[in-house]
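Coordinates in review
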Protein chains: 4
Amino acid sequence: MMRAATLQDGGKARISAAAIELFGRKGYDATTIRDIAETAAMSLGALYRHYANKDELGRALYAEAIALWSERLLDSAAGLDDPAARLRAMTKFFCRAFDRDPNLFAFLLLNQHGPARSFDPKAANPLKVLEAEIRRGEQDGRILPGNRHLRALCVMGAVLQPAASYSRAGKTGLGALAEEIAAAAIRAAGVIEPTRRSGAVIQ
Amino acid sequence: MMRAATLQDGGKARISAAAIELFGRKGYDATTIRDIAETAAMSLGALYRHYANKDELGRALYAEAIALWSERLLDSAAGLDDPAARLRAMTKFFCRAFDRDPNLFAFLLLNQHGPARSFDPKAANPLKVLEAEIRRGEQDGRILPGNRHLRALCVMGAVLQPAASYSRAGKTGLGALAEEIAAAAIRAAGVIEPTRRSGAVIQ
Amino acid sequence: MMRAATLQDGGKARISAAAIELFGRKGYDATTIRDIAETAAMSLGALYRHYANKDELGRALYAEAIALWSERLLDSAAGLDDPAARLRAMTKFFCRAFDRDPNLFAFLLLNQHGPARSFDPKAANPLKVLEAEIRRGEQDGRILPGNRHLRALCVMGAVLQPAASYSRAGKTGLGALAEEIAAAAIRAAGVIEPTRRSGAVIQ
Amino acid sequence: MMRAATLQDGGKARISAAAIELFGRKGYDATTIRDIAETAAMSLGALYRHYANKDELGRALYAEAIALWSERLLDSAAGLDDPAARLRAMTKFFCRAFDRDPNLFAFLLLNQHGPARSFDPKAANPLKVLEAEIRRGEQDGRILPGNRHLRALCVMGAVLQPAASYSRAGKTGLGALAEEIAAAAIRAAGVIEPTRRSGAVIQ
DNA sequence: TATGAATGAGCTTTCATTCAT
DNA sequence: AATGAATGAAAGCTCATTCAT
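This structure is a prediction, so every number in the text was calculated from the model and none was measured.

**Quick notes on the interface of chain D and chain C**
Contacts between the two partners involve 42 residues from chain D and, on the opposite side, 40 residues from chain C. Buried area between chain D and chain C, summed over both chains or domains, comes out near 3600 Å², and the portion from carbon and sulfur atoms is 58%. Remark: the boundary between chain D and chain C carries 2 salt bridges. Note that Arg151(D) and Glu180(C) form a salt bridge whose closest N and O atoms lie 3.3 Å from each other. For the side of chain D that touches chain C, the elements supplying multiple residues, two or more each, are helix H2 (12–26), helix H10 (148–169) and helix H11 (178–189) of chain D.

As structure tokens, then:
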């Protein structure tokens, strides 16, 4: 009746799963603590044993997942050197992540909510990973110089907006578009064409 | 005590201004009707003279503004022919619009909420304008062929994500970054370099 | 555009007609002052020129109509001497009154509401007319002796309950049943059979 | 602090008691959920644990009580055969029921309100019991033939109107008048005098 | 320790009444 | 004098949080 995780953590995993599903699907504000407890097949009191209140729950889940994803995002490009290849891998990571758990994706990267607003801007997050990627490429002369933070935002947006569209439509299957999204993201990043490393770039 | 707008419309403009500010800043769900009435320096009941309920208020404001912005977005590229120039103009339009009213921008383009969810998908909207732009460029051979809807989403994301970042930070001044955002958007769109119209493009 | 009555009374008749229709049809509590003003094609302020508030309006209409009906109820038996004939005439009066204006009938005799509850118990009302009728018959030896007030209530009920049923069903046409209702009312009243004036009566 | 009923049903009985008292005394519309909660010595929210909303509360109480009373009304004549005796027993049942709980009586039989209006017309109710009684007597030749439904309404009215009067006056003690009310009801029903079974009846 | 009934502040909405125009 | 926009108390209902059991 209970999954392994439950036996180990007293139900915290069930709470996470339930909360993320609901936060992603219905939005943070529209999700009630009762919703979560019921979905997690758990009593209200039990839920409050793990999290002091709704906000703390939201914040903790958000922070944990963002940290994890930041790490995995970086890992997804492990072993690759070429900026284009690295960005392509990362884009594919996002697409797969969306297809695997659209609700978590929405909660982490698409929806606006209290937990996201109050998230520590100094903590690791996917945007910073992308920014580091841009910096790296720039320093290697393989990405056009410029405002790295801004460039990272543009790349991020090129990847997230298709996901936002699919999310709103209740669809998955972003993986099938990963190549084309990656191409746009790489162009947005300002990756310089391999054959013309020190030459002209589009635009 | 009353502003010019009020004298003309009986307070509807004050409601719009208040609602948009709050919807944009705090989110739709987190904004209460009382919030809006207080911000509009108006009684609760007076609000209901203009809008039947919160949802209708949200929907009406959203629909009106989206229609207006779609039109203005298209107008912003009037007289320009080159896809790059057109996209640059549109990007600048977005940046200026953000700087002028970041809350309206957030309400219209950044936040998820009921009114956006229930918006008629057949009605004009900024994404469709961008998609038309891509189609046009593609047909002229000045934009790489591909999934136009997806490409439009990527371009949209490249423009919106910087705005989302500024919005979260409570900053304005996106106009100063318009050129660089435009460059990324144009690259994301797959605009072909003028000098190499039928040649290779990055990546 | 205005009826004669209006020209004479400044619209008070329009208010009466509107209020009675709505009080009878939707109930007193469920009828709003705005409803009444709109139905009477009159402004809110104008309405308040005639009646200080909703309660006074309700009370005044109720009191006026009850007084008028009490008079007419008595008149309906004018010229008749036999108790049975008199009660039959009165029952027919009720049935016709219901058919003519079911809403007024409901407001006056069927529905519970503040104005009815606060009505001066010493004022003339249909029940007292019936009670006088019973008294008269009793004193003449043509109606069984007993608790006259109670007997009047029973007669009243025998007449009103069919009307209540029709009212709930939204039907009219009580006139067609007047004879049979009258027969029951006369029996309930304890009218002694003409041929056996000093003899036994049913039960 | 808590009554026995509470210990058994978690407060549902306290809600019923409070709601019926207030619905009966002040009317359904004029009774607020807050009224009920306070009278039941219970919080607002607790009430909603038992009933989804005010309407459901009203409907449930009405339906349950009507069903119970219909049964008890029939039972009150158990073992009796003579129509007059049966109607007398039923009338006494009504009078005792009024004396025992005038507010419940008012809620069930005197007042107009949403729950009564939306009550399933096919479900058992006191009027149908009376109608069956009339039918039975008619078929036995001990009640005058005629429109049975109408006759039942007249009988019902003869019984209810005295209760309505007492209710408005805030009095009880209808039991003392039961015999006389019963006599009127029996006459209204058209019960034929035992000694003149096939003979003439009043009027 | 675990439960979920209970709490009540706060939400959206209605409407009798007032009063500036 | 006449209007109806404005007011705000109060309604029905929700839900984060507490706490007796």
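Further notes follow.
**Overview of the relation of the copies chain A and chain B**
Mapping chain A onto chain B is achieved by rotating through 178° and translating by 0.1 Å along the same axis, at an RMSD of 0.5 Å. Expressed as a symmetry operation, the mapping of one chain copy onto the other fits a two-fold axis. Within chain A, the C-alpha atom positioned nearest to the axis of rotation is that of Gly157(A), 1.9 Å from it. Of all interface residues in chain A, 95% are interface residues in chain B too; the two copies therefore contact each other through one and the same surface.

**Quick word on the side chain of Asp35(A)**
Residue and element names in this part refer to chain A. By the secondary structure assignment, Asp 35 is in helix H3 (residues 33–39). For Asp 35, the side chain forms a polar contact with the side chain of Lys 26, separated by 2.7 Å. In this structure, Asp 35 is in contact with Leu 22, Lys 26 and Ala 30, ignoring residues within four places of it in sequence.

**Considering the interface of chain A and chain B**
If you look at the interface, chain A gives 41 residues, while chain B gives 42 residues. Taken together, the two surfaces of chain A and chain B that pack against each other cover about 3600 Å², and 58% of this comes from carbon and sulfur. There are 2 salt bridges connecting chain A and chain B. Where chain A packs against chain B, one counts 7 residue pairs in polar contact (both at pLDDT 80 or more).

**Structural notes on the pattern of salt bridges**
Overall, the coordinates contain 44 salt bridges over all chains when judged by the stated rule. For Arg59(C), the salt bridge goes to Asp55(C), with nearest N and O atoms at 3.7 Å. Pair noted here: Arg59(C) and Asp55(C) are both in helix H5 (residues 54–75), with a separation of 4 residues, about one helical turn. Of the residues examined, Asp55(C) reaches a relative accessible area of 35% and is grouped as partly exposed. What you see here is one network of salt bridges that share partners, running through Asp81(A), Arg136(A), Asp140(A) and Arg142(A).

**Details of the side chain of His113(A)**
Residues and elements named next belong to chain A. Take His 113: it is sitting in the loop between helix H7 (102–110) and helix H8 (114–117). Using a relative accessible area of 3% as the deciding quantity, one classes His 113 as buried. At 3.1 Å, the side chain of His 113 forms a polar contact with the backbone nitrogen of Ala 116. When neighbours within four sequence positions are excluded, His 113 is seen to be in contact with Tyr 28, Tyr 62 and Phe 107.

**Details of the relation of the copies chain D and chain C**
Each copy of the sequence occupies a distinct position, and chain D is placed on chain C by a rotation of 177° and an axial shift of 0.1 Å, giving an RMSD of 0.5 Å. Interface residue correspondence from chain D to chain C reaches 90%, placing this contact among same-surface, isologous pairings.

**Considerations on the UniProt feature "DNA-binding region" (unreviewed entry) in chain A**
In the numbering adopted here, UniProt assigns the feature "DNA-binding region" (unreviewed entry) to residues 32–51 of chain A. Each end of residues 32–51 of chain A is marked by a C-alpha atom, and these two atoms are 14 Å apart; helix forms 70% of the span and strand 0%.

**Some words on the protein's contact with DNA strand E**
Around DNA strand E, 29 residues are found, and the nearest of them are Arg34(B), Tyr48(B), Ile33(C), Ser43(D) and Arg49(D). Counting only atoms of DNA strand E within 4 Å of the protein, the fraction found in sugar and phosphate groups is 61%. One of the backbone nitrogen or oxygen atoms of Gly45(D) is found 3.5 Å away from a base oxygen of DNA strand E. Of all the secondary-structure elements, those providing two or more residues to the surface near DNA strand E are helix H4 (44–50) of chain A, helix H3 (33–39) and helix H4 (44–50) of chain B, helix H3 (33–39) and helix H4 (44–50) of chain C together with helix H4 (44–50) of chain D. For the surface near DNA strand E, the leading source of residues is H4(A), giving 4 residues.

**Comments concerning the packing of aromatic side chains**
Counted under the stated rule, the structure contains 38 aromatic pairs over all chains. With 4.8 Å between their ring centres and 50° between their planes, Phe23(B) and Tyr28(B) make a pair best called tilted. Judged by relative accessible area, Phe23(B) falls into the buried class, the value being 0%. For Tyr28(B), a relative accessible area of 6% gives the class buried. An aromatic cluster is defined as three or more aromatic residues linked by ring pairs; in this entry it consists of Trp69(B), Phe93(B), Phe94(B), Phe98(B), Phe105(B) and Tyr166(B). Lys54(C) extends its terminal NZ or CZ atom over the ring of Tyr28(C), reaching a point 4.8 Å from the ring centre.

**Re the domain arrangement of chain A**
Residues and elements named next belong to chain A. Annotation of chain A at the domain level lists domain 1 (1–51) and domain 2 (59–196). The C-alpha-based centres of domain 1 and domain 2 are spaced at 28 Å. Among the residues domain 1 hides against domain 2, the three largest losses belong to Ile 20, Gly 24 and Tyr 28. Together they make up 55% of the total. Taken together, the connections running from domain 1 to domain 2 amount to 0 salt bridges. Taken together, the connections running from domain 1 to domain 2 amount to 0 residue pairs in polar contact (both at pLDDT 80 or more). Along the lines of polarity and charge, the residues of the side of domain 1 that touches domain 2 split into 5 nonpolar, 3 polar and 2 charged.

**Regarding the environment of Gly11(C)**
Residues and elements named next belong to chain C. Secondary-structure assignment places Gly 11 in the loop between helix H1 (4–9) and helix H2 (12–26). Relative accessible area serves as the criterion here: at 0%, Gly 11 is assigned to the buried category. For the pair Gly 11 and His 50, spaced 39 residues apart in the sequence, the C-alpha separation amounts to 8.7 Å.

**As for the protein's contact with DNA strand F**
In the neighbourhood of DNA strand F, 29 residues make up the surrounding shell, with Ile33(A), Ser43(B), Arg49(B), Leu44(D) and Lys54(D) lying closest. Here the atoms of DNA strand F within 4 Å of the protein split so that 61% fall in sugar or phosphate, with bases taking the remainder. Taking Ile33(A), its main chain carries an N or O atom lying 2.7 Å from a phosphate oxygen of DNA strand F. Looking at the surface near DNA strand F, the elements that each hand over two or more residues are H3 and H4 of chain A, H4 of chain B, H4 of chain C together with helix H3 (33–39) and H4 of chain D. In terms of residue class, the surface near DNA strand F is made up of 10 nonpolar, 11 polar and 8 charged.

Here is what the cut-offs are and how they apply
- Residues numbered from 1 in each chain as written.
- Chains lettered and ligands numbered in written order.
- Predicted model: local features only at pLDDT ≥ 70, side-chain atom pairs only at ≥ 80, totals over all residues.
- Heavy atoms only, no water.
- Contact = heavy atoms within 4.5 Å.
- Buried area = accessible area lost by both parts, 1.4 Å probe.
- Salt bridge = Lys/Arg side-chain N within 4 Å of Asp/Glu carboxyl O.
- Helix = DSSP H or I, 4+ residues; strand = E, 2+ residues; numbered from the N terminus.
- Least-squares fit on C-alpha atoms with pLDDT ≥ 70 in both.
- Polar contact = N/O pair within 3.5 Å; in protein donor to acceptor, adjacent residues only side chain to side chain.
- Buried < 20%, exposed > 50% of the residue type's maximum accessible area, 1.4 Å probe, protein only.
- UniProt positions renumbered as here; feature names shortened; annotations may be inferred.
- Near = heavy atom within 4 Å.
- Phe/Tyr/Trp six-rings, centres within 6.5 Å; stacked < 30°, edge-to-face > 60°.
- Lys NZ or Arg CZ within 6 Å of the ring centre and 35° of its normal.
- Domains from an automatic or database assignment.
- Nonpolar A, V, L, I, M, F, W, Y, C, P; charged D, E, K, R; others polar.

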